[in-house]
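# Coordinate analysis (summary)
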Amino acid sequence: MNTVTEILNAIEVDAERACVQELRRMSSRVLQMRPSLDPDDRDHADALVSKLRHLVADQVLVAAERTTQEQRFEPVALAA
């Protein structure tokens, strides 16, 4: 049987290559587990949720930057 620490570590490893929807599901899963955790594991879960939210924000920002760049170049492409 996996320990809570092993589960949280596995989620963290999977998060590195997850899309936004997966990251949000992971965050929800960790938050659901949180009330039943001991204080040390709860701290680990809180840090993991923070990291997951940061990864989501990074992906959303990158997507927004791509959209902005495409919008900037679109009129030039249409004019040509």
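Predicted, not measured: the structure shown is a model, and the values here were computed from it.

Time to look at the overall build of the chain. Helices and strands together make up the secondary structure of the chain, namely three helices and zero strands. The linear arrangement of helices and strands in the chain, starting from the amino end, is α-α-α. Taken over 80 residues, the chain has a buried fraction of 22%. With an accessible surface of roughly 5900 Å², the chain has 54% of that area assigned to carbon and sulfur atoms.

Now for the confidence of the model for the chain. This prediction gives the chain a mean pLDDT of 85; 75% of its residues lie at or above 70. No element of the chain has a lower mean pLDDT than helix H3 (residues 39-79), at 78, and none a higher one than helix H2 (residues 20-33), at 96.

Moving on to the pattern of salt bridges. Two side chains carrying opposite charge are able to pair once their charged atoms lie near each other. By the definition in use, this model includes four salt bridges. Salt-bridge contacts for Arg17 lead to Asp14; the nearest nitrogen and oxygen are separated by 3.3 Å. Its relative accessible area of 36% is what places Asp14 among the partly exposed residues. For the salt bridge of Glu16 with Lys51, the shortest nitrogen-to-oxygen distance reads 2.9 Å. Linking Glu16 in the loop between helix H1 (4-15) and H2 with Lys51 in helix H3, this pair joins segments that are 35 residues apart in sequence. The exposure class assigned to Lys51 is partly exposed, which follows from its relative accessible area of 27%. Counted as one network, the salt bridges with shared partners bring together Glu12, Glu16 and Lys51.

Thresholds applied
- Residues numbered from 1 in each chain as written.
- Predicted model: local features only at pLDDT ≥ 70, side-chain atom pairs only at ≥ 80, totals over all residues.
- Heavy atoms only, no water.
- Helix = DSSP H or I, 4+ residues; strand = E, 2+ residues; numbered from the N terminus.
- Buried < 20%, exposed > 50% of the residue type's maximum accessible area, 1.4 Å probe, protein only.
- Areas by Shrake-Rupley, 256 points an atom, 1.4 Å probe, with all protein chains shown as cover.
- pLDDT = per-residue confidence, 0-100.
- Salt bridge = Lys/Arg side-chain N within 4 Å of Asp/Glu carboxyl O.

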